[in-house]
Amino acid sequence: MSQINVDAIRHTSASSDAITLASNGKCAVTGSTITADTGKFTNLPNRNLIMNGAMQVAQRSNLTTAASGYGAVDRWYFYNEGDGRATITQATDVPPTKEFNYSYKLDVTTADTAGASSRGWVGTWLEARDSGVTLKGTSGAKKVTVQFWVKSPKTGTHIVALDDNDATDHSTSRHINTTYTVSTANTWEKKTVTFAGDTTGVFNTTTGRGLWLGFRLVQGSNSTSGSLATSWADYAVANEGAGQVNVLDNTSNDFYLTGVQVELGDSATDFEHLPYGDELDRCQRYFQTWRPQGQTPPVLATLMCSSSSGFLGPLLFRKPMRAAPTLTNDNIIAITSGNGSAGEGTLAIDNATPTCARIVGSSFSGLSAGNCTWLQCNDQDAYLDLSADL
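Residues numbered from 1 in each chain as written. Predicted model: local features only at pLDDT ≥ 70, side-chain atom pairs only at ≥ 80, totals over all residues. Heavy atoms only, no water.

A.B. asks: I'd like to hear about the overall build of the protein chain, residue by residue, with values.
C.D. replies: Summing up its helical and strand segments, the protein chain has two helices and 27 strands in all. The proportion of buried residues among the 390 residues of the protein chain is 47%. Across the protein chain, contacts joining residues at least 24 apart in sequence account for 73% of those joining residues at least 6 apart. Approximately 16900 Å² of the protein chain is accessible, and the part contributed by carbon and sulfur atoms is 48%. (Helix = DSSP H or I, 4+ residues; strand = E, 2+ residues; numbered from the N terminus. Buried < 20%, exposed > 50% of the residue type's maximum accessible area, 1.4 Å probe, protein only. Contact = heavy atoms within 4.5 Å. Areas by Shrake-Rupley, 256 points an atom, 1.4 Å probe, with all protein chains shown as cover.)

A.B. asks: Tell me about the nonpolar core, and please be specific about residues and values.
C.D. replies: The biggest cluster of nonpolar side chains holds 42 residues, and the ones touching the most others in it are Trp 76, Tyr 104, Leu 106, Leu 257 and Val 260. The residues contacting Tyr 104, other than those within four sequence positions of it, are Met 55, Val 73, Trp 76, Tyr 77, Phe 78, Ile 88, Thr 89, Val 122, Phe 255, Tyr 256 and Leu 257. One finds Leu 300, Phe 311, Met 321 and Phe 364 within the second-largest nonpolar core, a separate group that totals 25 residues. (Core = buried A, V, L, I, M, F, W, Y, C linked by side-chain atoms within 4.5 Å.)

A.B. asks: Describe the packing of aromatic side chains, with residues and values.
C.D. replies: In this description, a pair of aromatic rings is defined by centroid distance and the angle of the planes. Evaluated as defined, the whole model comprises twelve aromatic pairs. Considering the side-chain rings of Trp 121 and Trp 212, the 5.0 Å spacing of their centres and the 75 degrees angle between planes classify their relative orientation as edge-to-face. A residue pair is termed long-range when its members are at least 10 positions apart, and Trp 121 in strand β10 (residues 119-127) and Trp 212 in strand β15 (residues 209-219) qualify at 91 residues. With relative accessibility at 2%, the residue Trp 121 sits in the buried group. On the basis of relative accessible area, Trp 212 is assigned to the buried category, the value being 0%. When the centroid spacing of 6.0 Å and the interplanar angle of 55 degrees are considered together, the rings of Trp 188 and Tyr 256 count as tilted. Residue Trp 188 is located in the loop between β13 (174-182) and β14 (189-195), and its partner Tyr 256 is located in strand β17 (residues 254-264); the two are separated by 68 residues in the primary sequence. For Tyr 256, a relative accessible area of 9% puts it in the buried group. (Phe/Tyr/Trp six-rings, centres within 6.5 Å; stacked < 30°, edge-to-face > 60°.)

A.B. asks: Tell me about the sheet that holds β10, and please be specific about residues and values.
C.D. replies: Spatially, β6-β7-β10-β15-β12-β13-β16 is the arrangement adopted by the seven strands of the open sheet, whose pairing is antiparallel. Edge positions in the sheet fall to β6 (68-70) and β16 (233-234), since each of these pairs with one other strand and no more. Sheet topology places strand β7 (residues 77-80) next to β10; four bridges connect them, and they run antiparallel. Bridged to Tyr 79 within β10 is Trp 121. (Pairing = 2+ DSSP bridges.)

A.B. asks: Could you give an account of the state of the cysteines, naming the residues involved and the relevant values?
C.D. replies: Inspection of every chain in the model, using the stated rule, returns zero disulfides. There is no disulfide at Cys 377, and the cysteine sulfur nearest it, in Cys 305, is 18 Å away. Under the relative-accessibility criterion, Cys 377 is labelled buried at 1%. (Disulfide = S-S within 2.5 Å.)

A.B. asks: How would you explain the pairing of strand β9 (residues 103-110) if you had to name every residue and give the values?
C.D. replies: The pairing of strand β8 (residues 85-91) with β9 spans seven bridges and is antiparallel. Across the sheet, Ala 86 pairs through a bridge with Val 108, a residue of β9. Here four bridges tie β9 to β17, and the two strands are oriented antiparallel to one another. When the bridges of β17 are listed, Leu 106 appears paired with Phe 255.

A.B. asks: Describe the environment of Cys 283, with residues and values.
C.D. replies: For Cys 283, the position within the fold is in helix α2 (residues 276-283). Note on Cys 283: relative accessible area 0%, which makes it buried. In this structure, the C-alpha to C-alpha distance between Cys 283 and Asn 204, residues 79 residues apart in sequence, is 22 Å. Apart from residues no more than four positions distant in its own chain, Cys 283 is found in contact with Asn 52, Val 57, Gln 59, Asp 74 and Arg 75.

Have a look at this one:
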């Protein structure tokens with residue numbers, strides 16, 4: 001077999017190299033990079049396995065003084081088993097590169113004393129059927145590289161982890177952890193870590209939880225008494241968090257995260273920026289909301305009155321959701337046929353599918369059976385939310 005041994009390729013009329021070759025087998029192409037370990041250009045689409053890593057979509061209400069839950073920034077979940085509490089918002093505090101416009105902000109509102117059972121993290125799940133690209137459970141299991149920007153109130157050892165289980169407490173799963181070091185408190189730092197592939201445990205093809213990525217925040221003695229599992233292993237709580245600093249130990253602490261990218265292989269490529277509309281469309285598979293957002297309160301649906309106090313009718317979703325969603329709402333009013341308010345009542349959905357549901361209203365007033373009514377946000381704080389998140 002013939003081969004050409006060169007360090008670069010340049011057009012005869014060019015002033016710079018179009019392709020440069022490195023001794024490690026990688027090559028750089030002007031405007032892109034193709035790496036031997038992944039065989040892909042760095043600017044090809046759909047490299048980032050997770051959604052909303054730039055934290056730009058924030059449909060949800062802020063999560064206020066809570067122990068766990070989704071808040072503000074779509075697809076990112078806060079969880080804590082200890083006594084700490086936090087408020088979650090979308091922030092404009094971003095890395096100095098100005099590559100990103102938003103970040104995920106965790107503001108500690110009640111300090112966590114790191115009791116024995118304390119375990120806290122911020123993380124996100126892929127759907128199981130989207131996790132199979134890792135080839136987990138096969139001899140060809142792929143490495144996974146994670147890059148991110150972090151601004152932590154604590155210096156020292158922090159842990160980022162992968163997990164293959166759908167339980168929020170990750171109690172019956174396989175996991176792998178690695179550490180990164182924060183050098184300067186309250187300062188944006190970029191980190192990159194690589195995880196080995198796992199040849200055990202194939203992901204199923206359901207729409208449930210699959211691969212989990214988590215950034216640990218606090219670990220009590222129950223989860224630090226063993227050795228940190230830095231290779232894929234069956235879950236053992238003692239091996240989950242050895243060495244993790246307590247990010248939640250003071251109410252003056254704020255933890256920020258942005259620019260999170262998860263990709264196959266052992267090399268980090270340029271962050272894959274998506275237009276806001278594209279990212280929003282992806283996030284609406286999991287969460288959809290109707291809110292005034294500073295505009296005239298919108299009409300949400302036109303429905304048929306079934307009595308003087310109730311109504312029902314179809315509610316079509318903006319796009320198909322992951323599963324039949326649950327509904328939460330506040331300050332949604334019904335409008336009577338005489339254009340008056342029927343006040344607030346109780347809203348529920350039934351016969352729900354991933355694409356639509358029947359919305360049922362009760363305990364309203366002033367309606368007329370057989371007439372139409374419509375739902376409307378009563379003020380700027382009103383909302384109607386549908387959630388099918390993981």
